[in-house]
Amino acid sequence: MILRSPPQAFTICGSVIMKKLILITAILILMCCVLTACAKNSGDGAVELPKNLNEYEILISISDDLRTLDLKQTITYTNTESKDLNSLVFYLYANAFREGAEHTAYLSRPAGYGGIDMLSVTVNGEKVTYSIKNTTIMTLSLNAPIAVGEKALIRFEAKINVPVCNLRMGLSANILNMGSFYPVLSVFENGSFREDIYSRTGDPFYQEIANYKVIIECNPALVIASSGSQSSETFGRSYKRVEINAEGIRDFAFVASYTFNVLSGEVNGTDIFYYYPSSDKPPVSAFETAKNTLKVFNEIIGDYPYPSFSLADINFYYGGMEYSGLVFINRTATDKEAIVIHETLHQWFGMVVGSDHVNSAWLDEALVTFLSDYYYLKSGNSARFKTLRGRAKNEYDSYVRLQKPINPETSLNFTQSIYAFSTAYEYSMAVYTRGSLFFDNVFSYAGEKSFDKALRYYYEQNAFKFATKESLLTAFRVKRKDIGFMLDAWISDSVVTFKQN
Ligand SMILES: [Zn+2]
């Protein structure tokens, strides 16, 4: 994620006039998607999709007014843990939009509340009982244990009430944002399923890679931007049916609007789409930046592994939000270019290379914040890179000088969990800004060549898995740069200055 006004805010260059602006219709989008639904060709820098993943099959029917969704979801789950399971834990993030919820997604009363009402829950065809605690954590009590190595079919039928707000899930000015809306299986770790309480600070999500087949039924005029590849679109008298396939993704999200237009292009075999409301000017410059970000980091880190990548300009409280194959961009942001680079980079770190966003948010956020500026160095604009990194340092220095004396308890340790920070500002300064200064330090110490090699190794070794602090340190150690002592110094707060590269 990126907050609304990151410290590195700047104005998008408005002088670039693209001679060939291609606005394609929904029919052309479909043609592109059908042609590219197969997996990308493997090549140098390609990472392999894992086998035997859990399978999510989701059927969604959207009401014409975009306020309710009927959901039928089947998960083919395989118990790959070391013990038989008597219960399963799922997250119902949509419940954070309920009126009176204990842990809410909204800061102030939204124009309309939302939530997910479970109508039926079965495991292997039999009804099971369930309980919900802390707003979003649902535990299914199984009638019979799922033995090690066994498969189980878990079915949910639910009605989702869409809140009226401009958050990860919500309807705002005719744009439907649908992030983290469906029941998501929790991660089994250290002998039990994780039960992470929803938090407005940070991204309280920790999800495993899975395969998704999603069918969306909706009004034929609705334009949908989604994770994965839209492999077919069929039309009935009063509805259309969109089929979406996504292999090896961390989560599924979509946005929809009756007024979306789209820019389309292709980068290294990946189809790229930029959706935007038809009342807005086409985001040509942001689209070019997204394409260039894919190109630059395919080269440095390794290939973006999916056949398509979509961006969508939406009504959004935050600057942007990442999902596998789809990113949300705040349509009115003045620093849209920075947001586009940041969210696109999350495809590598946060999505393909997963990490614990609850307890180790810095692993993706601090790295992505640094790399968003590193993009300029790699695009031949070293002056901009230095300016932006200098700005980050100044922002942080000012924060320490002005805020720390007011709140001496303020935490500067960027490796803490999202719950440790008392405000979003404190979280942002510690994890994004100070965390990215640590990577300045790493970059200065390792040098550009070793830094790039370590990043590539880190990506290749941890693609489709969860990376940890140790995985990052190992990647640098393998490339003969031990950064463990440096991280220790930053964690213990003994670093007060850093060397500008
Ligand atoms: Zn982010």
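Here the structure is a predicted model, which is why all the values come from computation and not from measurement. (Residues numbered from 1 in each chain as written. Predicted model: local features only at pLDDT ≥ 70, side-chain atom pairs only at ≥ 80, totals over all residues.)

Some thoughts on the overall build of the protein
Turning to step 1, where the next piece is worked out: The helix and strand inventory of the protein stands at nine helices and 23 strands.
Turning to step 2, where the next piece is worked out: Relative to the 2.2 N^0.38 estimate, which gives 23 Å for 501 residues, the radius of gyration of the protein is 22 Å and therefore close to what a compact globule would have.
Turning to step 3, where the next piece is worked out: With the principal axes as the frame, the protein shows a C-alpha extent of 60 × 55 × 50 Å.
Turning to step 4, where the next piece is worked out: Taken over 501 residues, the protein has a buried fraction of 46%.
Turning to step 5, where the next piece is worked out: Look at the contacts in the protein between residues 6 or more apart in sequence, and 69% of them connect residues 24 or more apart. (Helix = DSSP H or I, 4+ residues; strand = E, 2+ residues; numbered from the N terminus. Rg over C-alpha atoms; globule rule 2.2 N^0.38 Å. Buried ≥ 20, exposed ≤ 12 C-beta atoms within 10 Å, placed from the backbone. Contact = placed C-beta atoms within 7 Å.)

Comments concerning the packing of helix 6 (residues 424-446) against helix 9 (residues 484-491)
Turning to step 1, where the next piece is worked out: Following both chains from N to C, one finds helix 6 and helix 9 inclined at 155°, their axes separated by 11 Å at the closest point. Here helix 6 is positioned roughly antiparallel relative to helix 9, judged by the angle of their axes. When the axes of helix 6 and helix 9 are compared, the crossing they make is right-handed. Contacts between helix 6 and helix 9 involve Phe438, Asn441, Val442 and Tyr445 on the former and, on the latter, Met486, Leu487 and Trp490.
Turning to step 2, where the next piece is worked out: Split into classes, the residues belonging to the contact of helix 6 with helix 9 amount to six nonpolar, one polar and no charged. (Axes fitted to C-alpha atoms, helices over the stretch in contact; angles between N-to-C directions. Parallel < 35°, antiparallel > 145°, perpendicular 65-115°, else oblique. Left-handed = near helix turned anticlockwise from the far one by under 90°. Nonpolar A, V, L, I, M, F, W, Y, C, P; charged D, E, K, R; others polar.)

Quick word on the sheet that holds strand 16 (residues 229-235)
Turning to step 1, where the next piece is worked out: Spatially, eight strands are ordered 5-4-8-2-1-14-17-16 in an open sheet, and the strand pairing comes out mixed. The open sheet is flanked by strand 5 (126-127) and strand 16, the only strands paired with a single partner.
Turning to step 2, where the next piece is worked out: Bridge count between strand 16 and strand 17 (residues 240-249): six bridges; the pairing is antiparallel. Directly across from serine 232, in strand 17, lies its bridge partner glutamate 243. (Pairing = 2+ DSSP bridges.)

Some details on the domain arrangement of the protein
Turning to step 1, where the next piece is worked out: Considered domain by domain, the protein is made up of domain 1 (1-53 + 209-352) and domain 2 (362-491).
Turning to step 2, where the next piece is worked out: The interface is formed by 23 residues belonging to domain 1 together with 24 residues belonging to domain 2.
Turning to step 3, where the next piece is worked out: Within the residue set of the side of domain 1 that touches domain 2, elements represented by two or more residues are helix 2 (284-300) and helix 3 (336-345).
Turning to step 4, where the next piece is worked out: In terms of residue class, the side of domain 1 that touches domain 2 is made up of 15 nonpolar, eight polar and no charged. (Domains from an automatic or database assignment.)

Quick word on the pairing of strand 19 (residues 260-267)
Turning to step 1, where the next piece is worked out: In this structure, strand 19 lies alongside strand 20 (residues 270-277), joined through eight bridges in antiparallel fashion. Note on strand 20: the bridge partner recorded for glycine 265 is isoleucine 272.
Turning to step 2, where the next piece is worked out: Counting the residues in the hairpin turn of strand 19 and strand 20 gives two residues, including asparagine 268, whose phi is positive at 45°.

Considering the environment of leucine 185
Turning to step 1, where the next piece is worked out: Following the sequence through the fold, leucine 185 ends up in strand 11 (residues 184-185).
Turning to step 2, where the next piece is worked out: Through-space distance from the C-alpha of leucine 185 to that of glutamate 157 is 15 Å; in sequence the pair is 28 residues apart.
Turning to step 3, where the next piece is worked out: Here leucine 185 is in contact with Asn54, Ile75, Tyr77, Leu88 and Phe90, once residues within four sequence places are set aside.

Considerations on unusual backbone geometry
Turning to step 1, where the next piece is worked out: The backbone of leucine 66 shows a phi angle near 65°, a positive value even though the residue is not glycine.
Turning to step 2, where the next piece is worked out: When you line up the elements, leucine 66 lands in the loop between strand 1 (55-62) and strand 2 (68-78).
Turning to step 3, where the next piece is worked out: In this structure, alanine 173 is a non-glycine residue whose phi angle is positive, near 45°.
Turning to step 4, where the next piece is worked out: Secondary-structure assignment places alanine 173 in the loop between strand 9 (169-172) and strand 10 (175-178).
Turning to step 5, where the next piece is worked out: What makes alanine 173 partly exposed here is the crowd of 13 C-beta atoms within 10 Å.

Re the packing of helix 2 against helix 3
Turning to step 1, where the next piece is worked out: One way to put it is that helix 2 packs onto helix 3 with a least axis distance of 9 Å and a crossing angle of 35°. Crossing angle aside, the handedness with which helix 2 passes helix 3 is right-handed. Together, Ser285, Ala286, Thr289, Ala290, Thr293, Leu294 and Phe297 of helix 2 and Lys336, Glu337, Val340, Ile341, Thr344 and Leu345 of helix 3 make up the contact between the two elements.
Turning to step 2, where the next piece is worked out: Here the residues of the contact of helix 2 with helix 3 sort into seven nonpolar, four polar and two charged.

Some thoughts on the environment of isoleucine 300
Turning to step 1, where the next piece is worked out: Along the chain, isoleucine 300 falls in helix 2.
Turning to step 2, where the next piece is worked out: Each C-alpha atom of the pair isoleucine 300 and glutamate 426 lies 31 Å from the other, and the pair is 126 residues apart in sequence.

Looking at the nonpolar core
Turning to step 1, where the next piece is worked out: Of all hydrophobic cores here, the largest spans 147 residues; its most connected members are Ala225, Val255, Ala256, Tyr274, Ala312 and Ala366.
Turning to step 2, where the next piece is worked out: No other element matches the 11 residues that helix 6 contributes to this core.
Turning to step 3, where the next piece is worked out: Per-domain counts for this core show at least three residues from each of domain 1 (1-53 + 209-352) and domain 2 (362-491).
Turning to step 4, where the next piece is worked out: With near-sequence residues (within four places) excluded, tyrosine 274 lies in contact with Val262, Leu263, Pro283, Ala286, Phe287, Ala290 and Leu311. (Core = buried A, V, L, I, M, F, W, Y, C linked by C-beta atoms within 7 Å.)

Section: helix 5 (residues 382-402)
Turning to step 1, where the next piece is worked out: In a regular helix each residue adds 1.5 Å, so 21 residues correspond to 30 Å; helix 5 covers 30 Å between its end C-alpha atoms and thus fits that length.
Turning to step 2, where the next piece is worked out: Along helix 5, the positions that sit buried rather than exposed are Leu388, Arg389, Ala392, Tyr396 and Tyr399. All buried residues of helix 5 lie within an arc of 95° about the axis, which places them on one face of the element. In helix 5, the exposed positions that point more than 90 degrees away from the buried face belong to Ser382, Ala383, Asn394, Ser398, Arg401 and Leu402.
Turning to step 3, where the next piece is worked out: Buried residues belonging to helix 5 abut helix 4 (362-378) and helix 6. (Expected span 1.5 Å × (residues − 1). Arc of directions from axis to C-beta.)

What to know about helix 9
Turning to step 1, where the next piece is worked out: Inspection of helix 9 places Met486, Leu487 and Trp490 among the buried residues, and these make up the whole buried set. Along the long axis of helix 9, the arc covered by the buried residues comes to 95°, so they all point the same way. Facing away from the buried surface of helix 9 by more than 90 degrees, the exposed residues are Phe485 and Asp488.
Turning to step 2, where the next piece is worked out: Taken from the residues just after helix 9, aspartate 493 is the one with a positive phi, measuring 70°.

Some details on the sheet that holds strand 18 (residues 254-257)
Through backbone hydrogen bonds, the strands of a sheet pair up, either in parallel or in antiparallel fashion.
Turning to step 1, where the next piece is worked out: Reading across the sheet, the four strands line up as 9-10-18-15 and stay open at both edges, with antiparallel pairing between neighbours. The open sheet has two edge strands with one neighbour each: strand 9 and strand 15 (223-226). Along the sheet, successive strands turn relative to each other by an average axial angle of 10°, direction set aside.
Turning to step 2, where the next piece is worked out: Across four bridges, the pairing between strand 9 and strand 10 is antiparallel. If you follow leucine 171 over to strand 10, its bridge partner there is leucine 176.

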